[in-house]
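Analysis of the macromolecular model
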Amino acid sequence: MLRPSTHRLLLLLPTATYRTAAFVEAARRLGVGLTVASERPSTFQHANPGGLVTLDLSDPDRAAAQARAFAREHPLQGVVGVDDDTAVVAAAIAGALGLRGNDVAAARAARDKHEQRTSLAAAGVAVPHFRLVRVDEDPRRLAAGVPYPCVLKPLRLAASRGVIRADTPEGFVAAFERVKRILEQAGCEKRDEASVEWHAYRSILVEDFVPGREVALEGLLVAGELRVLALFDKPDPLDGPYFEETIYVTPSRLPADEQRAVAACAERAAAALGLREGPVHAELRVNGSGPWLIELAARPIGGQCSGALRFEIRETGKGKEETLSLEEIVIRHALGMNLPALEREPQASGVMMIPVPGAGVLREVRGLDQARGQPLVEEIIITAHPGQELVPWPEGARYPGFIFARGRTPEAVEAALRAAHRQLQFVIASD
Amino acid sequence: MNPAEIRITAEPIDTGRCKFVVSEPVHAGGARRFASPDEASGSPLAEAIFALPGADVAEVIVSGNLVTVVKRSPVPWQTVGKAVGEAIRAALAGAGPAVVPKPAAAATPGTDDDALYERVADLFESQVNPMVARHGGRVELIDVQDAVVMVRMAGGCQGCGMADVTLRQGIEAMLQQHVPDVKGVVDITDHAAGSNPYFAAAKK
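Definitions and limits used
Residues numbered from 1 in each chain as written. Chains lettered and ligands numbered in written order. Predicted model: local features only at pLDDT ≥ 70, side-chain atom pairs only at ≥ 80, totals over all residues. Helix = DSSP H or I, 4+ residues; strand = E, 2+ residues; numbered from the N terminus. Rg over C-alpha atoms; globule rule 2.2 N^0.38 Å. Buried ≥ 20, exposed ≤ 12 C-beta atoms within 10 Å, placed from the backbone. Contact = placed C-beta atoms within 7 Å. Domains from an automatic or database assignment. Nonpolar A, V, L, I, M, F, W, Y, C, P; charged D, E, K, R; others polar. pLDDT = per-residue confidence, 0-100. Axes fitted to C-alpha atoms, helices over the stretch in contact; angles between N-to-C directions. Parallel < 35°, antiparallel > 145°, perpendicular 65-115°, else oblique. Pairing = 2+ DSSP bridges. Expected span 1.5 Å × (residues − 1). Arc of directions from axis to C-beta.

**Considering the overall build of chain B**
On a plain count of helices and strands, chain B comes out with 5 helices and 8 strands. Element order for chain B, N to C, with α for helix and β for strand: β-β-β-α-α-β-β-α-α-β-β-α-β. The globule rule puts the C-alpha radius of gyration for 204 residues at 17 Å, and the 17 Å found for chain B is close to it. Looking at chain B residue by residue over its 204 residues, the buried ones come to 49%.

**Focus on the overall build of chain A**
The number of helices and strands found in chain A is 11 helices and 22 strands. Scaling as 2.2 N^0.38, a compact globule of 431 residues should have a C-alpha radius of gyration of about 22 Å, and chain A matches this with 21 Å. Put simply, 69% of the contacts in chain A that link residues at least 6 apart link residues at least 24 apart.

**Remarks on unusual backbone geometry**
The general pattern is negative phi for most residues beyond glycine and trans for most peptide bonds. Here the amide bond leading from Tyr 148 of chain A into Pro 149 of chain A is cis, since omega sits at -5 degrees, within 30 degrees of zero. Within the secondary structure, Pro 149 of chain A is located in the loop between α6 (139-143) and β6 (150-154). Of note, the amide linkage connecting Gly 240 of chain A to Pro 241 of chain A takes the cis form, showing an omega dihedral of 10 degrees. Looking at the secondary structure, you find Pro 241 of chain A in the loop between β10 (225-233) and β11 (247-250). Despite not being glycine, Ser 160 of chain A shows a phi value in the positive range, around 60 degrees. Structurally, Ser 160 of chain A can be placed in the loop between β6 and β7 (164-166). Phi is positive for Asp 146 of chain B, close to 55 degrees, though the residue is something other than glycine. For Asp 146 of chain B, the position within the fold is in the loop between β6 (137-145) and β7 (148-155). Note on Asp 146 of chain B: 17 C-beta atoms within 10 Å, which makes it partly exposed.

**Points about the domain arrangement of chain A**
All names here are of chain A. By domain assignment, chain A separates into domain 1 (8-101), domain 2 (129-208), domain 3 (213-347) and domain 4 (349-429). The distance between the C-alpha centroids of domain 3 and domain 4 comes to 23 Å. No other element matches the 4 residues that β11 contributes to the side of domain 3 that touches domain 4. Considered class by class, the residues forming the side of domain 3 that touches domain 4 number 9 nonpolar, 6 polar and 4 charged.

**Brief notes about the confidence of the model for chain B**
Averaged over every residue, the pLDDT of chain B is 84; the share at 70 or more is 91%. Interface confidence in the predicted complex, given as ipTM, is 0.78; pTM for the same model is 0.83.

**A short note on the environment of Leu 376 of chain A**
Counting through the fold element by element, Leu 376 of chain A comes out in the loop between α10 (368-372) and β19 (377-382). Here Leu 376 of chain A falls in the buried class, since 24 other C-beta atoms lie within 10 Å of it. Leu 376 of chain A sits 27 residues away from Ser 349 of chain A along the chain, and the two C-alpha atoms are 9.5 Å apart. Not counting chain neighbours up to four residues away, the residues in contact with Leu 376 of chain A comprise Ala 405, Arg 406, Gly 407, Ala 412, Val 413 and Ala 416 of chain A together with Gln 78 of chain B.

**Some thoughts on the packing of helix α5 (residues 113-122) of chain A against helix α8 (residues 256-273) of chain A**
Residues and elements named next belong to chain A. One can describe the packing of α5 onto α8 by two numbers: an axis separation of 9 Å at closest approach and a directional angle of 110 degrees. For the element pair α5 / α8, the angle class is roughly perpendicular. Contacts from Gln 116, Ser 119 and Leu 120 of α5 reach α8 at Ala 269, Ala 272 and Leu 273. Among the residues forming the contact of α5 with α8, the class breakdown is 4 nonpolar, 2 polar and no charged.

**Description of the sheet that holds strand β8 (residues 184-187) of chain B**
Residues and elements named next belong to chain B. Strands sit in the order β6-β7-β8 across an open sheet of 3 strands; the sheet is mixed. Bordering the open sheet on either side are β6 and β8, each of which pairs with just one other strand. When strand polarity is set aside, the average angle formed by the axes of neighbouring strands in this sheet is 30 degrees. In terms of strand pairing, β6 meets β7 through 8 bridges, oriented antiparallel.

**Concerning the pairing of strand β2 (residues 17-22) of chain B**
Residues and elements named next belong to chain B. Examined bridge by bridge, strand β1 (residues 8-12) and β2 share 5 bridges and lie antiparallel to one another. Within β2, the residue paired with Pro 12 across the bridge is Cys 18. Pairing geometry for β2 and strand β5 (residues 66-71), over 5 bridges, is antiparallel. Across the sheet, Phe 20 pairs through a bridge with Val 67, a residue of β5.

**Comments concerning helix α11 (residues 410-423) of chain A**
Residue and element names in this part refer to chain A. With 14 residues, α11 extends 20 Å from end C-alpha to end C-alpha; this agrees with the ideal 20 Å at 1.5 Å per step. Of all the residues in α11, the buried ones are Val 413, Glu 414, Ala 416, Leu 417, Ala 420 and His 421. Projection of α11 onto a plane perpendicular to its axis shows the buried side chains occupying an angular sector of 160 degrees, all on one side. Check the buried side of α11 and you find it contacts β11, β17 (348-353), α10, β19 and β21 (401-407).

**Quick look at the environment of Leu 120 of chain A**
Residues and elements named next belong to chain A. Positionally, Leu 120 belongs in helix α5. Along the chain, Leu 120 and Glu 137 lie 17 residues apart, while their C-alpha atoms are 26 Å from each other. Setting aside its immediate chain neighbours within four residues, Leu 120 contacts Val 125, Val 127, Ala 269, Ala 272 and Leu 293.

**Details of the interface of chain B and chain A**
Every contact between the two is made by 38 residues of chain B and, on the other side, 45 residues of chain A. Only β1, α3 (77-93), α4 (113-133) and α5 (163-178) of chain B provide two or more residues apiece to the side of chain B that touches chain A. Counting residues per element, the side of chain B that touches chain A draws most heavily on α5 of chain B, at 10 residues. For the side of chain B that touches chain A, the residue count by class is 18 nonpolar, 12 polar and 8 charged.

**Observations concerning the domain arrangement of chain B**
Residues and elements named next belong to chain B. You can read the domains of chain B as domain 1 (3-105) and domain 2 (113-193). Here the C-alpha centre of domain 2 lies 22 Å away from the C-alpha centre of domain 1. Taken together, the 13 residues of domain 1 in the interface contact 10 residues of domain 2. The element contributing the most residues to the side of domain 1 that touches domain 2 is strand β3 (residues 27-34), with 4 residues. Looking at the side of domain 1 that touches domain 2 residue by residue, the classes come out as 5 nonpolar, 3 polar and 5 charged.

**Here's the deal with the sheet that holds strand β18 (residues 360-366) of chain A**
Taken in spatial order, the 3 strands line up as β20-β18-β22 (chain A) in an open sheet, and their pairing is antiparallel. In the strand order of this sheet, the two ends are held by β20 (389-390) and β22 (425-429) of chain A, each with one partner.

Printed below as a string of structure tokens:
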């Protein structure tokens, strides 16, 4: 049952997030009081008015005012957002209530790909050359003026939704029209939100394609200093034309000096955006010119991928070890709780975001027992439910599930993830 | 029963908890929860799971064709799960029942699970289920054992992305307020089988 605590955390959980179980369980393990805020009311809100609240997560200023009113009766000691949008809301609430967090301007700059590119380029952080175009411009004229290969990106969509590589002017025009349709669809999905920043759905970022190996850095900012929690390799080449992610494996197999350069690049990027507190998830490419910052988000890793991370606290002299999840670290930091030296577990670990196998309605998943029986595979979570429509990238943004493995080496973990995936068969009705 | 024909699917919830969905009924007489090797005595399946070396099992819950195991050890479910599967197969192949019905004397002195069950059932009927029904959901009270409430979610709650919020911030908070003698709530839902969740998740 709930334990009394002097700490109360406001956890911003959109109803479509994958992150609910991990954060709710982390708060329980830490014994902190929890208030869950969502954009739609819980049916239990009147029964537990201190534990559940509805905030307008589409409008950070309004949400901050609502949180301020809530906090008069239920004092809050920390706030955590779990995705790009709620990171901005969390910053607004932190500012309004005097809690630990980032400036709203910094969180906004991290959320918007064009603002981010502009800030980073101005600060001398290596980013691809970019330009912003409007969806009502003539793509044929634009196609004549961009270098190839290039990448077209929506400003706000998550999980590489709508990100397309173009290698030729003809490819650019086709990609432009496709991204435009995706943005129209995404805008329709937001039509009920009062404060949508519509320019984000009427603009496309066009940038150089940067070749190289891609890595993801998971970190925590404490008073502006970056603590690297994990560096993941992404062993499947992300060369397009679409950028659906698959495997993350840590520790990275990059040479130590390149890993240090990656961390330094991410720290410079966070500073350039003005981020000072909380989790960051950065994606970088590494080639002969060094690390390039592709994206930095003021939130922890998305999906259920945090399950690949475990941290150990060693209490010197007591011989006692404690294991922490990424979510526990994020909550401890937000509440100003003791944050000891953290080390990721000694084992290699990895996660595969299961690729969407095709378009259609999911009927069943076969081969789960065989996949779970593969050596080193610890867990397979199928998040798509029977009857759910599966939409491939670039229109889609939902993985049907996640595979987790742990082992002695990153190579062994990667092989285990691939072996498990080969056992799975998704039965899809395409009509 | 031929053990080789028994199909078992492990569905880890997190590093400490895992549900095992068995193709055959394991225990038909409601739910049984075992919180120690002593409580498991007489039930071959629970005895075997508590005896697994290195797993440091803390709890075993058996209901219908579901076996939920809670462990303290960091040993991965990939390792422990195979041993649990063998224990389930061996127990089902045995001459007697895998799990014996709860003896009347098994209740912890000072608690009255039957009385708690009635109070929890009343709360579910009068308040909890009318609330979740607004989202097409239903919460079934499976049992109360040693003041721990076991529930199964259905309809819009089964597989819902906010099911943990409903469980912890809704149901558990209401139990704490209205039936404070309840010590905990365990969700034994097979959420992966939910076909109509009220909220479905998307990355980030």
